[in-house]
Amino acid sequence: MYQISNFTDNDDIQTLASLGAFTVVEYKRDLSVSPSNAQTAYFCNAMNVRKRQVICDLSKSHVTVQAGAMQWMLGNVNATTGVRGVGDLFGKAVRGKVTGESAIKPEYTGDGILVLEPTYRHIILLDLNDWNGSIVLDDGLFLACESSLKQKAVMRSNLSSAVAGGEGLFNLGITGSGILCLESFSPREELIEITLQNDVLKVDGNMAVAWSGTLEFTVERSGKSLIGSAASGEGLVNVYRGTGKVLLAPVSRGVH
C-alpha cells in the first residue's frame, strides 16, 4: 500500500496528456534554481522550455522503455530485459546495431507506478490504431511504448536512401495495437500531419518525425536530372510515396 503526495497534485505541475498507461506532466516553472542560473530559468519558462515527465501506470499495461529512462518506481514493479531466448537476443542486438537504438530496452511489469527521467523535449503520445497498426520513427525519438507493441528494423526502399541522404539504412518500426511515447524537438501543436492517398510527399531535410509503415521511403533527386536538381538549388529530397500518414516538424532537427 502506498500514497503519493505533492507530485501530480502539486499546483506547479500540470497534466498535458494521458493515453493508455501513459500520463505526461509538465513543470510550470523550475523552482530548483540558484542565483547563478535564475535568469536562464526565467527565460526558459517564457519560451516554453520546461521539464516534462512520463508516468506509467503498469496496472493498465506493461511498458517497454528506452534504456536508462527510468527515474523511480513504486509498488509491485519488476524490470526485465524483455529478451525471450537466444534468438530474440540476437534479433534485438542486430536491430539495435542497424537502427542506432539501444539493443535491449527494459520491460516493466506488475501493477505499480513507473516514472521516467524528466526531459526538456516534448512528449508525444500516439495510438497505433490511428496509424493502422504500423509506424516508422526518425532516429532517436523512441521513449517508451506499451509492451504489446512489437519493434523491428525497417530498411529503406533503396540503398541510395542511406548513401545519398547521409543517413542510416534502417529506421525503427513499431507495429501492433497500443500506445507509443515519443520524445520530439517540436511540440505536438506544431507538427504538421499529412495524409496521403496513393500520392507522394517530398521533403527537403530531416523534418519527418514519423510516418506510416505502409509508405515507401526513399531519397531522390529533386529534379529529374542532375542538371534539374542543380538548377532548382534543392538537390536531394526525402520522398514518402503511397498511402498513409506523415508527421512533419516545422524545421529540420539540425536547426534546433
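What counts as what
Just so you know, the residues in each chain are numbered from 1, in the order the chain's sequence is written. Local features in this predicted model are restricted to residues of pLDDT 70 or higher, and side-chain atom pairs are both shown and tallied only at a pLDDT of 80 or more, whereas totals for entire chains, interfaces and linings draw on every residue. As a rule here, side-chain values come from all non-hydrogen atoms in the structure, and water together with hydrogens is ignored. Pairing of aromatic rings covers Phe, Tyr and Trp, the last through its six-membered ring, and needs centres within 6.5 Å; plane angles under 30 degrees mean stacked, over 60 mean edge-to-face, and all others mean tilted. A run of H or I in DSSP becomes a helix once it reaches four residues, and a run of E becomes a strand once it reaches two; helices and strands are each numbered from the N terminus. Whether a charge sits over a ring comes down to the Lys NZ or Arg CZ being within 6 Å of the ring centre and within 35 degrees of the ring normal. For the exposure calls, accessible area comes from a 1.4 Å probe over protein chains only, and a residue counts as buried if that area is under 20% of its type's maximum, exposed if over 50%, partly exposed in between. Following DSSP output, two strands are said to pair if at least two bridges run between them. Polar contacts here mean pairs of N or O atoms no more than 3.5 Å apart (in protein, one a potential hydrogen donor and the other a potential acceptor; neighbouring residues in sequence count only if both atoms are side-chain atoms). Any two residues having at least one pair of non-hydrogen atoms within 4.5 Å are treated as being in contact. Definition used for salt bridges: Asp or Glu carboxyl oxygen within 4 Å of a side-chain nitrogen of Lys or Arg. Axes here mean lines fitted to C-alpha atoms, for a helix over just the part in contact, with angles spanning 0 to 180 degrees between N-to-C directions.

An unreviewed UniProt entry annotates the chain as AIM24 family protein originating from Candidatus Eisenbergiella merdipullorum.

Scanning the entire structure with this criterion turns up 5 aromatic pairs. Considering the side-chain rings of Phe7 and Trp72, the 5.7 Å spacing of their centres and the 55 degrees angle between planes classify their relative orientation as tilted. One end of the pair, Phe7, is in the segment before β1 (13-19); the other, Trp72, is in strand β5 (residues 70-74), and 65 residues separate them in sequence. Through a chain of ring-to-ring contacts, three or more aromatic side chains come together here, namely Trp211, Phe217 and Tyr240. Looking at Lys51, its charged tip hangs above the ring of Tyr27, at a distance of 5.1 Å from the centre. One Lys or Arg, Lys245, reaches over the ring of Trp131 and ends 4.5 Å from the middle of that ring.

Within strand β18 (residues 236-248), 10 of the 13 residues are buried, which leaves it mostly tucked inside the rest of the structure. Examined bridge by bridge, strand β15 (residues 192-203) and β18 share 10 bridges and lie antiparallel to one another. Bridged to Glu193 within β18 is Leu247. Bridging between strand β16 (residues 208-212) and β18 involves 3 bridges; their strand directions are antiparallel. When the bridges of β18 are listed, Trp211 appears paired with Val246.

Let us now look at the side chain of Glu26. Checked against the element boundaries, Glu26 lands in strand β2 (residues 22-27). Accessibility expressed as a relative area gives 4% for Glu26, which makes it buried. There is a polar contact of 2.8 Å between the side chain of Glu26 and the side chain of Gln14. Only 3.4 Å separates the side chain of Glu26 from the side chain of Arg50, close enough to count as a polar contact. Once residues within four sequence positions are removed from consideration, Glu26 is found in contact with Asp12, Ile13, Gln14, Leu16, Asn48, Arg50, Lys51 and Arg52.

This part takes up the pattern of salt bridges. The full count for this structure, using the stated rule, is 7 salt bridges. Across the pair Asp12 and Arg29 runs a salt bridge whose closest N-O atoms are separated by 3.0 Å. Here Asp12 is found in the segment before β1, whereas its partner Arg29 is found in the loop between β2 and α1 (38-46), with 17 residues between them in sequence. Residue Asp12 is classed as buried on the basis of its relative accessible area, which comes to 6%. For Arg29, a relative accessible area of 42% puts it in the partly exposed group. Ionic contacts of the salt-bridge type, sharing partners, join the residues Glu26, Arg50 and Arg52 into one network.

Moving on to the sheet that holds β5. Spatial ordering of the open sheet is given by β1-β2-β3-β8-β5, a layout of 5 strands whose pairing is antiparallel. Each of the sheet's edge strands pairs with one partner strand only, and the pair in question is β1 and β5. For this sheet, the mean inter-axis angle between neighbouring strands, taken without regard to orientation, is 20 degrees. Strand direction decides the pairing type here: β2 and strand β3 (residues 52-57), joined by 5 bridges, are antiparallel. Across the sheet, the residue bridging to Phe22 is Cys56, located in β3.

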